[in-house]
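Here is what each chain is made of, one letter per residue.
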Amino acid sequence: MFACIYSQSVSDSVLLQDFAYSFSPLVEETAADTVVLDVEGCDLLFGSAYELSKVMAGRAVKPKQSGGLGCKINVAIAANPDAAIHAARFLEGITFISPGEELTGLGDLPIEVLCFELVGVAEKKQAGRPQSREEILETLKLWGIRTFREFATLPVAGVSERLGQEGVKLQQLAAGKTDRHLKLIQPAPVFENSLELEYPIAELEPLSFILARLLNQLCASLNTYSLATNELRLSLKLGNGATHERKLNLPYPMRDHKVFLKLLLLDTEMHPPQAAVNAVAIAFEPVKPRVLQNGLFIPLAPEPEKLELTLMRLAKLLGQDSVGSLELVDTNRPDAFRVKRFGLKARIDGRKRRNEIRNSQSTIRNSKCLLGFRVFRPPLRAIVQAEHGSPTQISAWGPSRSVYGKVVRVAGPWRTTGDWWRTDAWARDEWDVAVESSRSSISNLRSQDAGSTKGAPRPILFRIYRELRSGVWFVEGVYD
Amino acid sequence: MTEYIELHARSAFSFLEGASVPEELIAACHELQMPAMALLDRDGVYGAPRFHMAGKKNGIKAHIGAEISVRIQKAKVKRQKKKDVVSIPVLVRNRIGYQNLCRLITLMKLRVPKHAKSGECAVTLDELAEYANGLICLTGGDDGLLAKAIHHRDTENTEGAQRIAEWLIDVFGKGNVYAELQRHFNREGEARNQMVVDLAQRLKLPLLATNGVCHATPARREVADVFTCIRNHVRLETAGRLLAKNSETYLKPAKTMVQLFADLPEAIANTVELSSRLEFTLQDLGYEFPKYPVSSGETMASFLRKRTDEGARLRYTGRNGMPTYERARQQIERELALIEKLKLEGYFLIVWDIIQFCKQQGILVQGRGSAANSAVCYSLGITAVDPVGMELLFERFLSEERGEWPDIDLDLPSGDQRERAIQYVYERYGKLGAAMTANVITYRGRSAAREVGKVLGFDDETVGRLSGLVHTWEWKDPKDSTARQFRDAGLDLRESRIKKFFQLYQAVQDLPRHLGQHSGGMVICQGQLDSVVPLEPAAMPGRVVVQWDKEDCADLGIIKVDLLGLGMMAALEDSIQLIRDSYGEEVDLAHLPQDDPAVYAALQKADTIGMFQVESRAQMSCLPRLGPQKFYDIVVQVAIIRPGPIVGNMVHPYLRRRQGREPVVYAHPALEPVLKRTLGVPLFQEQLLRMAMICAGFSGGEAEELRRAMGFKRSEARMREIEVKLRQGMARNGITGRAQDEIVQSIASFALYGFPESHAASFALIAYASAYLKCHYLAAFTAALLNNQPMGFYQPFTIIKDAQRHALKVRPVDVTQSDWLCTIEEERVSGIGCRVSAENQSCEDPALHPTPYTQLPTPLLVLRLGLKYVKGLREESGQAIVRERAKRPFVSIDDLQQRVPELRKDELRKLAAVGALNFIQAIDKLKFVGQNVHRRDALWQVERVARAAGALYEELHEMDGTSPLLPMTLPERIDADFRGTGLTIGRHPVGHHRVELNKLGALRASDVRSMPNGRLVRVAGWVIVRQRPGTAKGFMFLSLEDETGVANVIVTPQLFDKNRLVLVDHPFLLIDGTLQNQDNVVSVKARRVWPLSFKVAAAPSHDFH
């Protein structure tokens, strides 16, 4: 015999499973709100099927702390699991269906509630599947079939000819005559480990021993299952009652406990807990390990573990947001870029590689005509005198450099405006200006920027711009 | 004298590449005091007529040109991909140049299908060279040929650019190539400019400054960016560098351009010089209407005279007798003299030729519109209304003063027949000699809201809500402010993105989106039409369209013939055929009995469902009051329910005078001859013209000018000017004070939406014919109406119910009997058809007491629904069924499925569900005596036969032929009928609930008709029509149908506001209200409304909002 427990009110499927395990070790999780138990032999423990149902329903209403679910449930007992499922889902309270009486119990249920998924019929049309639930229901509706009973009493041969074997299985389902084994729950491995400390730890070194111990065990566990992880979660219970939680995402799946330890220590150094640690817990997100076939003629890239450690060290030195690779943004907004996480490029296929090489060559070949440009970050705020909108005199000061002089040549303005639909729309005019140079006027650019010192000083070429919305001038950089 | 002229500008007619309409560009040009400007749209001259007309109005010379997409071949430019397409701007120098440009664009466009991918539509350099004569070439801007070559600044590319420039000089000639410079404050552009200047110096090319204008003002740059996103299917946030770098591509004043090019003054000076070289404007189009070929010794004029004379003798001496003929002769002579003077003989002969073709092919055709004012048109058989007998005004059609081409519209049966006439014109004048006029589709309403919403990155739900805000109800509540609409939809107009959406939505309104095809306007040209305007393929195969719409064609003096499809013409034609086949009678529409009592009885009772032009709710409410008794009453009836007479408050005075409740008075005694026929109330446009002629001494042409000034394209200034002239004229004739105001008011009020009498008369003829056929040949007429759906005012279900109320029996769809279309059968009194109709017992409504229009035919003819009415059944399958059945009858569903392999499983199911397979079943089951046959039997069988059993079991039949399924219940059958065919021939869905409705105290529609005025009544029914017309000040009109007929309900704006959802959404309503019964026009003024929840399917109502 099989018992099905159904409750709409239970939000946690694990709770429902635990509840079911308290009656039988053979449990199937049919859906988040439905479990089926094999209760054959349970009569020795709980008495008759009716008594078992009563116990189940009675215990379910008890609070969670007392082993209950804190809500009402429907319980159905039948000779096959599917009949029990239908009865539990659509008949209130406790239902007992005697073997052979399935149609009596279920016959009046509307055909729409038939659980098509129990015989593997999909909701919508799928490639390779003969019919969907939608189509079969449409056919049944056209036939005027409204209840399980009406469907069950159709001639089997007729149904088989019209709806195929799936139709026959569905008809058996409606008649409560299916025969199948339960798909028993097999708990997935959990990679979590924790340790309550006898006394609080306030130093990193003693903590490292605890972390190493936990990581060793977890990595060994991963190894047993041939798995790796790409996400580490560290949870520290602190003396002040707070919890310090950190999550490290790795670019590749790894399972090297030494690397994990270094990463965790670096991260803890960067983000130290606010009080002494009372308990430590580490969890891994298990994933399949990385499988990589290196090419014979492709130079070896740095080991990802080492790279990750290096990046973490850099992040510790410079700050998390200052490490990564720059990426240009597709916009006309001048000097727009973003920092993205640094990662090794995947293998590039031959043609793409050739194109890249060709492009880089063409860039090199044409670069002979181009000027180098050194950007001042941040740009120097400037005071500019202008005649007919064109700059004539410029002066700008910054902490490490300053620019001062008469503009002898000018090209521009080069105007860009955009993002007009946003609140941070921009509009600016740029000029390339040649500023008459002298030792006194341009400080800190002497060695690098002033060029030749023989004969008359050459003008220096700057790029300046004016924010059109604020009217403020800036020096953006200098041309080499 | 200006120093600069803009010679490179795009308008919104570059479809998503420009953001201002030509009028905006000209207005900006006018403001900047620029004496000329050139419009160069992408691959077309779409905007040229509007640019030209606006320029003409503002005294600005409108130069024409285009940006031509050219595919560069490998040999010409090194390192270009084979499919690289660049844009070469060309300006038209003279008429030859214009013709070459049109031919070049036509060549490019006709080579690829309508929706060709971007880049596929381009000419080759060789083709460009072939058509270069008369054109001036500019080297182009960012996407130009030189820009493409000067991509990298190295020696090799400089040489490449020079080779290209040399090639252009070879092709266009020295002096016809200008090195174009654009300065948009752009580094790359300036670098290119330097190279172009170097190149120009080397090759001695003149420099030319332009601004590559894409929008009239800087603010329109936002629209240009939105269009860029729509074109590239991206959002503003992700468009990146596809968007413009700045807003500099606007029309700049000469002073700014001079400052910009201060270092190159010759580039500015050359703009004026080049403008002076461009002689061509669209004034010099060179359009000629084709000549009609006549035999030697004849001229077109003499030939036209002969044909007119023949026709006049036939038409005027036959029925009307000699006196009319004499009057007609004089009128014809006057018309012919004017036609010859204006050299329009060819036009009349060509239209006559189309009429001849239609007559030979048996295609019904009738001229409408102002052509019906012409006795020549009547004599040539173009129109069917005698303008002499009806004293119609010829000047409304053609006048010397107006200097416009006449407009002849031909009504043809919609569908294949009309297509045959169109294809005849193509064949006769060649593919490049005739084309349809275009219909410019603009950004309006929901589409604009949806696209702008997407571009701004709103999610689908918000886009749906935003586009839902665009009200489609014709009546707009004055309280409905934009802010309130947005608030109601849960959107805050103060939020910046929503506000931006609203600004952009308004900015894109009416900007061109793409080019469509006009429903029937054809232009024909002597010689080659492709040298007058570029031609393009239409979406419909075999059709070619010009790049201009009908207004543009009219503005440029291009004559057009409208070949319009009229559903009723097709229905009349089909009716005649059905009458011929089933009744064995020949009906000639030209010689229908006049003053048929059955027709007028039906019209007086407003029993007019399905009749042309007189079936609408408004017409029905007017018919009993007007009480038509003769043909002219129908002419008035057709014309009176129009916005013009309604807005001008002409309807009620006319009806009151007709009923003798008000004396017939005239605004001035001089108007009596003009207004006598309409009892002193002006109802037709011709009366307006005659009033102006009599009162103000206007000539015929001036009067028509007046109508046009007051008409469609109103101009305040023009209206004031002509009103002054009108008043002055009236004052001269002693009409002053109130009489003058009254006349001016009546002219102004309905000039816009009034009908010309001739047009009303043409429509009245069709209305009379449709009424006659309905009254005397109901089966044929109903079948023809059903076969030509969608058309008219009502859904097929209402047409069938109305026919049933007039004693027409309707038979269901049946694969053993039905053709693809609805047909007529003789009623059988015995046989299978009767025995198996157990399931269709409800065909005849027990509550129905049919009232035939006339005596029923013997033998009784019944209507058989066609397979066309089975939703989801393809015509291919339906025709295959008919074809196979003709060979031998189907003996079973297996037999049907095997012999008609075209039938898909879902189609078989649909046939079975609507009962179309019941009769095969009956044949199959003759051996099972006494067994009922029902739809579920068929459905049971269908599932079996439609499931492939495999070759081995193909021939194996089911042992037990009976199905275990129960027959459908009545509601199930009605549901299946509506789902499967959109109608039911059985009892009316409301009739099934009569007992419940009686308990609720709801009256039947037929009961209400006999109730006295002012009584409180309760009615219930299915809403078949909902209307909220703009002229009704917020009132809503509902037509509620039940098993006995239709009840009319009026809903006040207040009640509508309170019950909006119920009134708009619910198919069945219960309404309490006060009965209004005035002159047998019965309606219920609603006080309270409830939805009725009948569990019966119903087809959707026909809503006009």
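Residues numbered from 1 in each chain as written. Chains lettered and ligands numbered in written order. Predicted model: local features only at pLDDT ≥ 70, side-chain atom pairs only at ≥ 80, totals over all residues. Heavy atoms only, no water.

Concerning the overall build of chain B
For chain B, the helix and strand inventory stands at 46 helices and 24 strands. Scored against the burial criterion, the 1105 residues of chain B give a buried share of 59%. Nonlocal contacts in chain B, meaning residues at least 24 apart in sequence, comprise 75% of its contacts between residues at least 6 apart. Of the roughly 45,100 Å² of accessible surface on chain B, a fraction of 51% belongs to carbon and sulfur atoms. (Helix = DSSP H or I, 4+ residues; strand = E, 2+ residues; numbered from the N terminus. Buried < 20%, exposed > 50% of the residue type's maximum accessible area, 1.4 Å probe, protein only. Contact = heavy atoms within 4.5 Å. Areas by Shrake-Rupley, 256 points an atom, 1.4 Å probe, with all protein chains shown as cover.)

Brief notes about the sheet that holds strand β17 (residues 473–479) of chain A
Residue and element names in this part refer to chain A. Here six strands make up a closed barrel; going around it, the order is β12-β13-β14-β15-β16-β17 and the pairing antiparallel. Recorded for the sheet is a direction-independent mean angle of 45° between the axes of neighbouring strands. Across five bridges, strand β13 (residues 390–397) lies against strand β14 (residues 402–418) in antiparallel orientation. Residue glutamine 393 lies in a different strand from β14, and its bridge partner there is lysine 406. (Pairing = 2+ DSSP bridges. Axes fitted to C-alpha atoms, helices over the stretch in contact; angles between N-to-C directions.)

Thoughts on the confidence of the model for chain A
Residues and elements named next belong to chain A. Overall, the prediction assigns chain A a mean pLDDT of 84, with 89% of residues at 70 or greater. Taken together, the stretch residues 360–368 has pLDDT below 50 and engages in four contacts with residues farther than four places along the chain or on a different chain. Below pLDDT 50 for its whole length, residues 446–453 participates in seven contacts with residues either more than four positions away or in separate chains. (pLDDT = per-residue confidence, 0-100.)

Overview of the pattern of salt bridges
Two side chains bearing opposite charge may form a pair once their charged atoms approach each other closely. All chains considered together, the criterion is met by 91 salt bridges over all chains. Between Arg415(A) and Glu248(B) there is a salt bridge, and its shortest N-O distance comes to 3.0 Å. Linking Arg415(A) in strand β14 with Glu248(B) in the loop between α9 (236–239) and α10 (254–260), this pair reaches from one chain into another. With a relative accessible area of 7%, Glu248(B) lands in the buried category. One salt-bridge network, held together by shared partners, links Arg428(A), Glu430(A), Asp432(A), Arg463(A), Glu476(A) and Arg187(B). (Salt bridge = Lys/Arg side-chain N within 4 Å of Asp/Glu carboxyl O.)

Here's the deal with the interface of chain A and chain B
The partner chain B presents 41 residues to the 38 residues of chain A that form the contact. Summing both partners gives a buried area of about 3,400 Å² for chain A against chain B, and 50% of it is carried by carbon and sulfur. Contact with chain B buries area across many residues of chain A, yet Arg162(A), Trp420(A) and Trp421(A) alone supply 26% of it, more than any other trio. Viewed at the interface, chain B and chain A are joined by seven salt bridges. For Arg187(B), the salt bridge is made with Asp432(A), and the minimal N-O distance between the two is 3.0 Å. (Buried area = accessible area lost by both parts, 1.4 Å probe.)

Here we look at the packing of aromatic side chains
Residue and element names in this part refer to chain B. By the definition in use, this model includes 33 aromatic pairs over all chains. Ring plane angle 25° and centroid distance 5.6 Å describe the contact between phenylalanine 227 and tyrosine 443, whose orientation is recorded as stacked. Of this pair, phenylalanine 227 sits in helix α8 (residues 221–232) while tyrosine 443 is found in the loop between β11 (434–442) and α17 (445–455), placing the two residues 216 residues apart along the sequence. Accessibility expressed as a relative area gives 2% for tyrosine 443, which makes it buried. With a centroid separation of 5.8 Å and an interplanar angle of 85°, the aromatic rings of phenylalanine 978 and tryptophan 1022 are classed as edge-to-face. (Phe/Tyr/Trp six-rings, centres within 6.5 Å; stacked < 30°, edge-to-face > 60°.)

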